[in-house]
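Results of the structural survey
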Amino acid sequence: MPSRRAFMLAAAALASNPARARVDYATVFPRPLTFPRDHGAHPEYRTEWWYMTGWLDSPREASAAPIGFQITFFRTRTTIDPANPSTFAAKQLLIAHAAIADPARGTLLHDERITRTGFDAASVSAEDTDVLLDRWRLARSPRSGAYRGVVAARSFTLELDAQPTQPLLLQGEAGYSRKGPLPTQASYYYSQPHLAVRAVITRDGKREERTGSGWLDHEWSSTLLADDAAGWDWVGMNFDDGSALTAFSIRSQQSNSPPLHAYASLRPRGAHAQTFGTRDVHFSTLAEWTSPRTRATWPVAREVRIGERTFVTQPLMNDQELDSRSSAGAVYWEGASRLLEHSKPIGRGYLEMTGYVAPFRP
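All of the points below concern the structure found in this document. (Residues numbered from 1 in each chain as written. Predicted model: local features only at pLDDT ≥ 70, side-chain atom pairs only at ≥ 80, totals over all residues. Heavy atoms only, no water.)

So, the overall build of the chain
Summing up its helical and strand segments, the chain has 1 helix and 23 strands in all. Long-range pairs, those at least 24 residues apart, make up 61% of the contacts in the chain between residues at least 6 apart in sequence. With an accessible surface of roughly 15,200 Å², the chain has 49% of that area assigned to carbon and sulfur atoms. (Helix = DSSP H or I, 4+ residues; strand = E, 2+ residues; numbered from the N terminus. Contact = heavy atoms within 4.5 Å. Areas by Shrake-Rupley, 256 points an atom, 1.4 Å probe, with all protein chains shown as cover.)

So this is what it looks like as structure tokens:
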């Protein structure tokens, strides 16, 4: 779900605009998802994101360490009067984050963008995935289903093609994903695990080709968390055997309190997903890392119990903190991580954590 969801500050900043009006956001309720329409944007809802992560290996240098990547595009509907005829009215905002996790560097290479939709600089399609922000773009091919991502960041460029190898994974109840005790505290949520990724990365004037596996989440909502939620812990993991694991836990602001809601899905390759509720999903801490910048202490290695199985996450590197307070208003840890079971590596993916600096308010 992700931090990747940390984009509401810009909308809040518009709250003092005299053009604002009462906005009735669309409500999430159980309904069938329809494709390709639901690959596209849903501007009637308050928040939405397309979130791609993955691991990349060097096909030419077997000894080269793997690296992680993240590309996230957020859309938020503001409180600007929908009837405002001005082309300058910021009715919809787009925010984008991108990061590369390279153990040889030790800290993230990252960049971000924010602007309103309109003109030629930013747009989002309601027909299929196609989000444009400055020279950053994520688009899906209606014919092949493949995603094309382009990021022209300040310190790197990333171009990738991500081809689905498995069917869509609808989270929750056929895509209706609860996030709290109330039915309205929910989102529409689907994942695309086991993307076959080919990427070109340019850093310090050096061009490098890599291949690997990726994961895409698309989620949209109007009321996501309960008022007393602090944030969440989330994992999306591609297993080496083709299975896919999703798990998240919504933490309470009250220390030592049980999670407000938790969920997991485990889908073996070629089979139906098994889902788990709050009683059967448990996150615990195995190792911590304290950021020298924010002083936040992050539980960067986790034990994740799903039913009768116990998994362990190990970070590719400790410092995968992304501080977006200057643009999107939140600090989160978005980390490429290995997955182990019985001390043996079984997969790779990402661990995301929010709300460890301040309660997260999407």
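From this point, the narrative continues.
Considering the environment of Gly175
Among the structural elements, Gly175 can be located in the loop between β10 (169-170) and β11 (176-178). Given a relative accessible area of 0%, Gly175 falls into the buried group. With 13 residues separating them along the chain, Gly175 and Tyr188 place their C-alpha atoms 5.3 Å apart. Apart from the residues within four sequence positions on either side, Gly175 is in contact with Leu33, Leu170, Ser187, Tyr188 and Tyr189. (Buried < 20%, exposed > 50% of the residue type's maximum accessible area, 1.4 Å probe, protein only.)

What about the pairing of strand β14 (residues 229-239)?
Within β14, 11 of the 11 residues are buried, which leaves the element mostly enclosed by the surrounding structure. The pairing of β14 with strand β15 (residues 244-252) spans 9 bridges and is antiparallel. Residue Gly236 lies in a different strand from β15, and its bridge partner there is Thr246. Pairing geometry for β14 and strand β23 (residues 344-354), over 7 bridges, is antiparallel. Bridge pairing links Asp233 to Met353 in β23. (Pairing = 2+ DSSP bridges.)

Brief notes about the pattern of salt bridges
With the rule as written, the count across this model stands at 20 salt bridges. A salt bridge links Asp38 to Arg31; the nearest nitrogen and oxygen atoms lie 3.2 Å apart. Using a relative accessible area of 23% as the deciding quantity, one classes Arg31 as partly exposed. Overlapping salt bridges bring together Asp102, Arg203, Glu208 and Arg210 as one network. (Salt bridge = Lys/Arg side-chain N within 4 Å of Asp/Glu carboxyl O.)

Topic: the pairing of strand β3 (residues 92-101)
Working note: regular strand, side chains alternate between the two faces of the sheet. The buried fraction of β3 amounts to 10 of the 10 residues, a majority that puts the element mostly inside the structure. Neither face of β3 is left uncovered, since the one carrying Gln92, Leu94, Ala96, Ala98 and Ile100 and the one carrying Leu93, Ile95, His97, Ala99 and Ala101 both have all their residues buried. By the bridge criterion, 8 bridges tie β3 to strand β4 (residues 109-116) in an arrangement that is antiparallel. Paired with Ala98 across the strands is Asp111, a residue of β4.

Things to note about the side chain of Asp217
Of note, Asp217 is situated in strand β13 (residues 206-221). Judged by relative accessible area, which is 0%, Asp217 ranks as buried. In this structure the side chain of Asp217 is engaged in a polar contact, spanning 2.6 Å, whose partner is the side chain of Ser191. Polar contacts involving the side chain of Asp217 include one to the side chain of Trp215, which spans 2.8 Å. (Polar contact = N/O pair within 3.5 Å; in protein donor to acceptor, adjacent residues only side chain to side chain.)

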